[in-house]
Amino acid sequence: MTGIAAALALFIHYVSAPQSESILVICITLAIIAAGIWLGSIYALAGTIIVLFVLGTLMMFLHTDASSETELQTLVIWGIALLLFSFMSGRIHDIAIGLHRSVKHLQDEINSFVAIDRVTGFDNKQRMKLELSEEIKRAERYGNSFVFLLLQMHYFKEFKSLYGEKETDRLFQFVSSQIRSCVRETDKKFRPAEERFGILLTHTPAEHMPAVLEKLKKQLNTYQLKNGKYVTLTFHVCHLSYQNDLKTAEQFLEELENEMMMNEL
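Below is a summary of the structure that appears in this document. Worth saying up front: this structure is predicted, and the values here are computed from it rather than measured. (Residues numbered from 1 in each chain as written. Predicted model: local features only at pLDDT ≥ 70, side-chain atom pairs only at ≥ 80, totals over all residues. Heavy atoms only, no water.)

## Some details on the nonpolar core
- The biggest cluster of nonpolar side chains holds 28 residues, and the ones touching the most others in it are V175, I179 and L216.
- Among the elements that line this core, the one with the most residues is helix α6 (residues 156-182), at seven residues.
- Core analysis: the second largest hydrophobic core is formed by 17 residues, M128, F148, F190 and L256 among them. (Core = buried A, V, L, I, M, F, W, Y, C linked by side-chain atoms within 4.5 Å. Buried < 20%, exposed > 50% of the residue type's maximum accessible area, 1.4 Å probe, protein only. Helix = DSSP H or I, 4+ residues; strand = E, 2+ residues; numbered from the N terminus.)

Put into structure tokens, the structure is as follows:
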């Protein structure tokens, strides 16, 4: 940025004159620089070539031979300056894109380390996959049984739009509290998405799931708003027991996802 500012200052000093041509030259130069910073060097170079082609063509048809040599020299100097500005502004664009990607990568890494959801206290999606993967390995090694239960709240976006962020956080604190009261302390709880909750029920056979689902339905059926009114909550629900042919957490969750829309709590 310092280099391009210094070069632009020198160029403006070189072409500065109380003439409309000088103002036009400066405006076109600034437009080429803006195109390079915003879109990249390819677009800036393309704009430079078009400008030089148009001006060179006009010089051939509109000017006399006496002034053509001086004007050609000026056009060549301006063309070199535009190419330089195109390259420099394109480099600024590339550096900015690189910094943006680095920041996004760092944000993703930070999010992966923040394992606890702020509102519910449940583990996040990355931790859910890790815990599920470890439980699959334990089941393969020791023959343990487990069930993974997934809940998806109906009309989440509508609720958030109608009642706001604070009431939505209050709702999810209520849901997380009710889930804790329905399962064991050793069972692992997750919030993989805003409207989704996962429960890893360790050492649990599939035969116990009807009782668990009935208890969850009773506890999550009604929510009291801060203003004292009540709303009814409904969820899509699915659960899957450990299977020998599901070797990874991704395969397990994919199979679970296929069952999600088929059942309602």
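## Re the sheet that holds strand β6 (residues 235-241)
- Pairing is antiparallel across the open sheet formed by four strands, whose spatial order is β2-β3-β1-β6. Edge positions in the sheet fall to β2 (188-193) and β6, since each of these pairs with one other strand and no more. Shown here is a sheet whose adjacent strand axes are inclined to one another by a mean of 20°, direction ignored.
- With seven bridges connecting them, strand β1 (residues 146-153) and β6 associate as antiparallel partners. Each bridged residue has a counterpart across the sheet, and for F148 the counterpart in β6 is L240.
- Where helix α7 (residues 209-220) meets the sheet, its contacts fall on β1, β3 (196-202) and β6, and the angle it forms with β1 comes to roughly 25°. (Pairing = 2+ DSSP bridges. Axes fitted to C-alpha atoms, helices over the stretch in contact; angles between N-to-C directions. Contact = heavy atoms within 4.5 Å.)

## Brief notes about helix α5 (residues 125-142)
- Taking 1.5 Å per residue as the helical rise, α5 with its 18 residues ought to reach 26 Å, and the 26 Å between its terminal C-alpha atoms agrees with that figure.
- Residues M128, E131, L132, E135, I136 and A139 constitute the buried set of α5. Buried residues in α5, looked at end-on, bunch into an arc of 145°, giving them a common side.
- Remark: G143 follows α5 within two positions and exhibits a positive phi of approximately 75°. (Expected span 1.5 Å × (residues − 1). Arc of directions from axis to C-beta.)

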